[in-house]
Amino acid sequence: MPVLRSAARRAREAQENPAAAAAAEAPVVPPATRRRRAARRQKAGGVREAAVPEEERAAAEEIAPAEVSGERAGEEPMDDQDSADKQAGEDASPIPETVQVASSPRYKVERKLGKGGFGQVYVGRRISANAPGAVEVALKFEHKNSKGCNHGPPYEWQVYDILGGIHGVPRVHYKGRQGDYFIMVMDMLGLSLWDACSNNSHTMSVEMVACIAIEAISILEKVHSKGYVHGDVKPENFLLGPPGTPEEKKLFLVDLGLATKWKDRSTGHHVEYDQRPDIFRGTVRYASVHAHLGRIGSRRDDLESLAYTLVFLLRGRLPWQGYQGENKGFLVCKKKMCTSPESLCSFCPQPFKEFVEYVVNLKFDEEPNYAKCISLFDSIVGPNPDIRPINTDGAQKLIHQVGQKRGRISLEGETDEQPKKKIRMGMPATQWISVYNARRPMKQRYHYNVADSRLVQHIDKGNEDGLFISCISSCANLWALIMDAGTGFSSQVYELSPHFLHKVSNCSLFLSWQNNPLTFRGKITYIIFFNITYLYVVISGYLKEWIMDQWDRNYYITALAGANNGSSLVVMSKGTLYTQQSYKVSDTFPFKWINKKWRDGFYVTSMATAGNKWAIVMSRNAGFSEQVVELDFLYPSEGVHKRWDCGYRITAVAATWDQTALILSVPRRKPTDETQETLRTSAFPSQHVKEKWSKNLYLASVCYGRTVS
Ligand SMILES: Nc1ncnc2c1ncn2[C@@H]1O[C@H](COP(=O)(O)OP(=O)(O)OP(=O)(O)O)[C@@H](O)[C@H]1O
């Protein structure tokens, strides 16, 4: 397991060039990567929790299309570069004056070459007489108390054991511990591309960057061929050879501390897909969108980071620089998603745009066509490799090998390639997402474009016909309502609130309806009978208290929706298997909270959004054995397919104006027919629903929000 490192960085620029330091970005890494295993089931208790809801923000929208309903009658009734603090404890113990580790010669520690979040690199001058090896080496010191050394020598050492000395990666000659430091003796290199760029008025020539692209792609190909992804590709981690030596035009990739395996060496298989939205590894400015979203790293991520590195070197800036604060990662990722390859590369030669377009559309386990990428940039640089500003020997060899294996490499791509569906276009759109499950024939009914005032009527009629609400959603402040004969509920109540699961003020107006006699508790000051069938207008009260009251009566939240204007519809039912329930309202997707609740045996059972707010309901005894989240700035089609292949089915969906979230679960009892289908449509899919009914596929979840980009 890699030792993950916490946020850190950039002291060298701060010392030598404060302006550059401010512009540079630190790698940010979470405390620990842990695959969630089946949540522990806990003994059912009578505790009910309501997380304190955050402040409310509402946006109004007035569109009132006509209300529509549909019904199917079945035969039977039946979810930037921040300058952060350095972790290493180098202040506690001074760097030694001389170094001798393992069987190495003795080195005198000279000037500092650089400093990262974890290590400090110095020149080491060999002082042992007649000893073998280079006179000058680089010595990388990591303090024993640094985060990367919690469990012994730095994780990076293991990676250097495999990658050290391959094309474009410096060799490690010796490593060992001396005093408080773990020390690596490695090839000494020269300036980083970051330094070279800063020395050159913050941009580089097109030819120089094209050569860097060619050589960097060939280095990444070599790293990937050994089963690793680098995980932190950026200008600071590409170093040139030492100046004045035959290697001064060679490019090297350093800092293997975030490298991970993309291939299991024993089986030869690609690592399994996973997404943990609370985990971020890498450097905000250059990280791939998938890394921002916490997806397991794969080869495509290094190439996406390289694409951002190249554009940065060429233009001196990336469109997502300048965000600050707690929400920086989210805002940078959102900006990356809505920046099309055309606009990112608007002042770059065409091959750069083509490269960006290619890499952002790569699939999780797709093998990149490195030779094709190199050939894109080959068209920019001069034909004679000997006079290129960067040595491109590695790339030349790669092209030669691939060319021999597959024949010609053309700029247009190989003839057997299918045209690829482009997934990141920089064009936001909102859509309905509807999810259909195979069921035995049953009665299901839908209503959409339903105004608040019409809800009672539809619900009333549904109940009279033996139907209960199975899911709800909102679009343009009008409700969509799905009622089923197959929910298994014995009774149901609902609350329509002008607030999104939020404690309301004493003057708020509530509509409340129940099909059982009511026993109100709490701060009710005034009840008007509006209708003999239990419709009440309740002045003054708390939605939270209403929910708690229903919990006391063994009703649990089974459906939830929020509208753009901030109002919410909460449906609670009796007859579920749930034994405990908890909800949270949050301005950002609350994955950390979900993760914590998973450990306590809760699973997400309902989810809703209002504007950019999320509300998540989690229940114990939800009937699931595993659960995962797919969160993205577009519909996460690839993730859904990967999860389907592993036995997960979508059990809840919700989308804000920015993001779509899907909850996928493995049921404890597998249905006889596991078929599940999804649809994305710009209008409510009324016609499609009817077609699905004819194939015994029934609406299981529905939401409206951001789906494509
Ligand atoms: N072999 C080398 N020769 C010369 N300079 C080097 C060498 N290795 C590293 N450096 C310099 O030291 C800096 C820090 O090294 P490195 O990136 O390996 O440290 P780190 O603490 O792991 O960094 P990070 O915080 O990015 O994880 C580099 O940016 C580079 O400028």
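Residues numbered from 1 in each chain as written. Predicted model: local features only at pLDDT ≥ 70, side-chain atom pairs only at ≥ 80, totals over all residues. Heavy atoms only, no water.

Caption draft 1: Geometry of the overall build of the protein. Counting its regular elements, the protein contains 17 helices and 32 strands. For the protein, the residues scored as buried account for 58% of the 709 residues in total. Summed over all atoms, the accessible surface of the protein reaches about 29,100 Å², with 51% contributed by carbon and sulfur. (Helix = DSSP H or I, 4+ residues; strand = E, 2+ residues; numbered from the N terminus. Buried < 20%, exposed > 50% of the residue type's maximum accessible area, 1.4 Å probe, protein only. Areas by Shrake-Rupley, 256 points an atom, 1.4 Å probe, with all protein chains shown as cover.)

Caption draft 2: Structural detail: the state of the cysteines. One pass over the full model with this rule turns up zero disulfides. Considering cysteine sulfurs only, Cys333 is the nearest to Cys338, which forms no disulfide, with 9.8 Å between them. (Disulfide = S-S within 2.5 Å.)

Caption draft 3: Region of interest: the packing of helix α7 (residues 299-315) against helix α10 (residues 350-360). Here α7 crosses α10 at 155°, and the two axes come no closer than 9 Å. One finds that α7 runs roughly antiparallel with respect to α10. In terms of crossing hand, the pair formed by α7 and α10 is left-handed. In this structure, α7 contributes Leu303, Glu304, Leu306, Ala307, Tyr308, Leu310, Val311 and Leu314 to the contact, and α10 contributes Phe352, Phe355, Val356, Val359 and Val360. (Axes fitted to C-alpha atoms, helices over the stretch in contact; angles between N-to-C directions. Parallel < 35°, antiparallel > 145°, perpendicular 65-115°, else oblique. Left-handed = near helix turned anticlockwise from the far one by under 90°. Contact = heavy atoms within 4.5 Å.)

Caption draft 4: Spatial organisation of unusual backbone geometry. We note that Asn449 has phi near 60°; this positive angle belongs to a residue other than glycine. For Asn449, the position within the fold is in strand β16 (residues 444-450). Phi is positive for Asn696, close to 60°, though the residue is something other than glycine. Secondary-structure assignment places Asn696 in the loop between α17 (686-693) and β32 (697-708).

Caption draft 5: Just the UniProt feature "domain: Protein kinase" (unreviewed entry) in the protein, in detail. UniProt feature "domain: Protein kinase" (unreviewed entry): in the numbering of this structure it lies at residues 107-381. Secondary structure across residues 107-381 comprises 33% helix and 18% strand; the distance between its end C-alpha atoms is 41 Å. (UniProt positions renumbered as here; feature names shortened; annotations may be inferred.)

Caption draft 6: Representation of the sheet that holds strand β15 (residues 429-438) in the model. Spatially, three strands are ordered β31-β15-β32 in an open sheet, and the strand pairing comes out antiparallel. The sheet is open, and its two borders are formed by β31 (676-681) and β32, each paired with just one other strand. With strand direction ignored, the average angle separating the axes of adjacent strands in the sheet is 20°. (Pairing = 2+ DSSP bridges.)

Caption draft 7: Fine view of the sheet that holds strand β5 (residues 107-115). With antiparallel pairing, the six strands of this open sheet are ordered in space as β4-β5-β6-β7-β9-β8. Each end of this open sheet is capped by a strand with a single partner; those strands are β4 (98-99) and β8 (172-178). Where strand β6 (residues 120-126) meets strand β7 (residues 136-143), six bridges bridge the pair, whose relative direction is antiparallel. Each bridged residue has a counterpart across the sheet, and for Gly124 the counterpart in β7 is Val137. Across the sheet, helix α3 (residues 155-163) touches β7, β8 and β9 (181-187), and the angle it forms with β9 is around 25°.

Caption draft 8: Representation of the environment of Pro385 in the model. Examined against the element boundaries, Pro385 turns out to sit in the loop between α11 (370-378) and α12 (393-406). Once the C-alpha coordinates of Pro385 and Tyr578 are considered, the two residues, 193 residues apart in sequence, prove to be 68 Å apart. Those residues in contact with Pro385, other than ones at most four positions away along the chain, are Thr392 and Gln396.

Caption draft 9: Structural detail: α11. The buried count for α11 comes to eight of nine residues, which makes it a mostly enclosed element. Considered for burial, the residues of α11 that qualify are Tyr370, Ala371, Lys372, Cys373, Ile374, Ser375, Leu376 and Phe377.

Caption draft 10: Examining α3 more closely. Within the span of α3, buried status applies to Tyr155, Glu156, Trp157, Val159, Tyr160 and Leu163. On its buried face, α3 is in contact with β7, β8, β9, α5 (206-225), β10 (228-229) and β13 (260-261). Phi turns positive, to about 90°, at Gly165, one or two residues after α3.

Caption draft 11: Region of the structure containing the pairing of strand β29 (residues 649-655). Among the seven residues that make up β29, seven are buried, leaving the element largely enclosed by the rest of the structure. The pairing of β29 with strand β30 (residues 660-667) spans six bridges and is antiparallel. Looking across to β30, one finds that Arg649 is bridged to Ser665. Taking the residues that link successive antiparallel strands as the turn, the β29-β30 hairpin has four residues.

Caption draft 12: Seen up close, the nonpolar core. Core analysis: the largest hydrophobic core is formed by 87 residues, its most contacted members being Met204, Ile212, Leu251, Leu306, Leu310, Phe355 and Phe377. Per-element accounting of this core gives the leading share, 12 residues, to α5. Contact partners of Ile212, with chain neighbours within four places excluded, come to Leu193, Met204, Leu251, Leu310, Leu313 and Ile390. (Core = buried A, V, L, I, M, F, W, Y, C linked by side-chain atoms within 4.5 Å.)

Caption draft 13: Spatial organisation of the packing of aromatic side chains. Under the defined criterion, the tally for this structure stands at 21 aromatic pairs. Here Tyr446 and Phe684 contribute two aromatic rings whose centre-to-centre distance is 5.4 Å and whose plane-to-plane angle is 45°, an arrangement assigned as tilted. Taken together, the residues Tyr446 in strand β16 and Phe684 in the loop between β31 and α17 connect sequence positions 238 residues apart. As far as the burial class goes, Tyr446 and Phe684 line up, both buried. Counting every residue linked through ring pairs, the aromatic cluster contains Trp432, Tyr446, Tyr448, Phe684, Trp693 and Tyr704. The ring of Trp262 carries Arg299 above its face, with NZ or CZ at 3.6 Å from the centroid. (Phe/Tyr/Trp six-rings, centres within 6.5 Å; stacked < 30°, edge-to-face > 60°. Lys NZ or Arg CZ within 6 Å of the ring centre and 35° of its normal.)

Caption draft 14: Summary view of the pattern of salt bridges. Tallied over the entire structure, the rule returns 24 salt bridges. In this structure, the salt-bridge partner of Lys642 is Asp365, at a minimum N-O distance of 3.0 Å. Separated by 277 residues along the polypeptide, Lys642 in helix α16 (residues 637-645) and Asp365 in the loop between α10 and α11 bring together distant segments of the chain. (Salt bridge = Lys/Arg side-chain N within 4 Å of Asp/Glu carboxyl O.)

Caption draft 15: Just the environment of Lys443, in detail. Secondary-structure assignment places Lys443 in the loop between β15 and β16. Note on Lys443: relative accessible area 24%, which makes it partly exposed. Separated by 231 residues in sequence, Lys443 and Glu674 place their C-alpha atoms 19 Å apart.

Caption draft 16: How the structure looks around the environment of Gln444. Mapped onto the elements, Gln444 comes out in strand β16. At 2.8 Å, the side chain of Gln444 and the side chain of Asp484 are in polar contact. Side chain to side chain, Gln444 and Trp693 meet in a polar contact 2.8 Å long. (Polar contact = N/O pair within 3.5 Å; in protein donor to acceptor, adjacent residues only side chain to side chain.)

Caption draft 17: Structural context of the packing of α5 against α7. With their axes 10 Å apart at the nearest point, α5 and α7 run at an angle of 165° to one another. As far as their axial angle goes, α7 and α5 are roughly antiparallel. Judged by the twist between their axes, the crossing of α5 over α7 is right-handed. Here α5 contributes Val206, Val209, Ile212, Ala213, Ala216, Ile217, Leu220 and His224 to the contact with α7, which in turn contributes Arg299, Asp302, Leu303, Leu306, Leu310, Leu313 and Leu314.

Caption draft 18: Local environment of the pairing of β15. Among the 10 residues of β15, seven are classified as buried, and the element is accordingly described as predominantly covered. Sheet topology places β15 next to β32; 10 bridges connect them, and they run antiparallel. Bridge pairing in β32 places Gln431 opposite Gly705. As defined by bridge partners, β15 adjoins β31 across six bridges and the pair is classed as antiparallel. Bridge assignment links Asn437 to a residue of β31, and that residue is Gln676.

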